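One letter stands for each residue in the lines below.
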Amino acid sequence: MDDVRAQDAERRQVVLRPAGEIDMSTADALERELLDAVRSADVDEVLVDLAGVAFLDSSGVRVLVHGAVVARERAVTLRAARPQPVVARVLRITSVDALLGLTDGGAEDHADHGLPAPD
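About the cut-offs
- Residues numbered from 1 in each chain as written.
- Predicted model: local features only at pLDDT ≥ 70, side-chain atom pairs only at ≥ 80, totals over all residues.
- Heavy atoms only, no water.
- Helix = DSSP H or I, 4+ residues; strand = E, 2+ residues; numbered from the N terminus.
- Buried < 20%, exposed > 50% of the residue type's maximum accessible area, 1.4 Å probe, protein only.
- Contact = heavy atoms within 4.5 Å.
- Core = buried A, V, L, I, M, F, W, Y, C linked by side-chain atoms within 4.5 Å.
- pLDDT = per-residue confidence, 0-100.
- Axes fitted to C-alpha atoms, helices over the stretch in contact; angles between N-to-C directions.
- Parallel < 35°, antiparallel > 145°, perpendicular 65-115°, else oblique.
- Left-handed = near helix turned anticlockwise from the far one by under 90°.
- Nonpolar A, V, L, I, M, F, W, Y, C, P; charged D, E, K, R; others polar.
- Polar contact = N/O pair within 3.5 Å; in protein donor to acceptor, adjacent residues only side chain to side chain.

Visitor: Sorry if this is basic, but what is going on with the overall build of the protein chain here?
Guide: The number of helices and strands found in the protein chain is four helices and six strands. Helices (α) and strands (β) of the protein chain occur, in sequence order from the N terminus, as β-β-β-α-β-β-α-β-α-α. Looking at the 119 residues of the protein chain, the share that counts as buried comes to 44%. Sequence separation of 24 or more characterises 74% of the internal contacts of the protein chain that already satisfy a separation of 6 or more.

Structure, rendered in structure tokens:
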């Protein structure tokens, strides 16, 4: 799994763009990035762009839930966007989709959410 991190200081937003598979061998790296972003003093929102994630197992779900808990404690908004269908299904089945601000899987989940273009 590769991570790409972009920060928009004006919007006080960090965008994480993990790519590949998020499983037990890669989840720790995402967790470090996610928690670093959520704990940043100058951030109000962390957006996890899941468009590049082809696979997500329970380790990845755990990381996203943990990130959401820490974000809530710090009054930071944590959202996910643009999951691939297989990833959206995992999030829906585990009821994590609503926690991450995903809707019913319609076009809104696949919109760009005003994301800055990757570097």
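Visitor: Got a minute to help me understand the nonpolar core in this structure?
Guide: Note that soluble globular proteins tend to have their nonpolar side chains buried in a common cluster. Leu34, Val46, Leu78 and Leu91 are the most contacted members of the largest nonpolar core, which totals 29 residues. Among the elements of the structure, strand E2 (13-16), helix H1 (27-38), strand E4 (45-49), strand E5 (52-56), helix H2 (58-73), strand E6 (77-81) and helix H3 (85-93) are those that each provide at least two residues to this core. Those residues in contact with Leu91 that sit more than four places away from it in its chain are Leu50, Leu56, Val61, Leu64, Val96, Asp97, Leu100 and Leu102.

Visitor: Any chance you could explain the confidence of the model for the protein chain here in plain terms?
Guide: Reading fine detail from the predicted coordinates is not recommended where pLDDT is low. Averaged over all residues, the pLDDT of the protein chain equals 87, while 79% of them reach at least 70. The spread of mean pLDDT over the elements of the protein chain runs between helix H4 (residues 107-110), the lowest at 42, and H2, the highest at 98. Throughout residues 106-111 the model reports pLDDT below 50, and contacts reaching past four residues in sequence, or to other chains, amount to twelve contacts.

Visitor: Looking at this structure, I do not really get unusual backbone geometry. What am I missing?
Guide: Glycine aside, the phi torsion of most residues is negative, and most peptide linkages are trans. Residues other than glycine seldom take positive phi values, yet Ala75 does so here, at roughly 60°. Relative to the elements of secondary structure, Ala75 occurs in the loop between H2 and E6. Looking at Ala75, the relative accessible area reads 68%, which means it is exposed. Positive phi values are uncommon outside glycine, yet Arg82 reaches one of about 55°. Relative to the helices and strands, Arg82 is located in the loop between E6 and H3. A relative accessible area of 25% places Arg82 in the partly exposed class.

Visitor: Help me understand the packing of H1 against H2 in this model?
Guide: Helix packing geometry: the angle between the two helix axes and the distance between the axes. Contact pair H1 / H2: the axes reach a minimum separation of 10 Å and the direction vectors enclose 15°. Regarding the angle of H1 to H2, the classification is roughly parallel. The two elements H1 and H2 cross, and the hand of that crossing is right-handed. Counted together, Ala27, Asp28, Leu30, Glu31, Leu34, Leu35 and Val38 of H1 and Ser59, Gly60, Arg62, Val63, Leu64, His66, Gly67, Val70 and Ala71 of H2 form the full contact between these two elements. For the contact of H1 with H2, the per-class residue count stands at nine nonpolar, four polar and three charged.

Visitor: Honestly, the side chain of Arg17 in this entry has me stumped. Any pointers?
Guide: Its place among the elements puts Arg17 in the loop between E2 and strand E3 (19-22). Among the residues examined, Arg17 registers a relative accessible area of 10% and is labelled buried. Only 3.3 Å separates the side chain of Arg17 from the side chain of Asp49, close enough to count as a polar contact.

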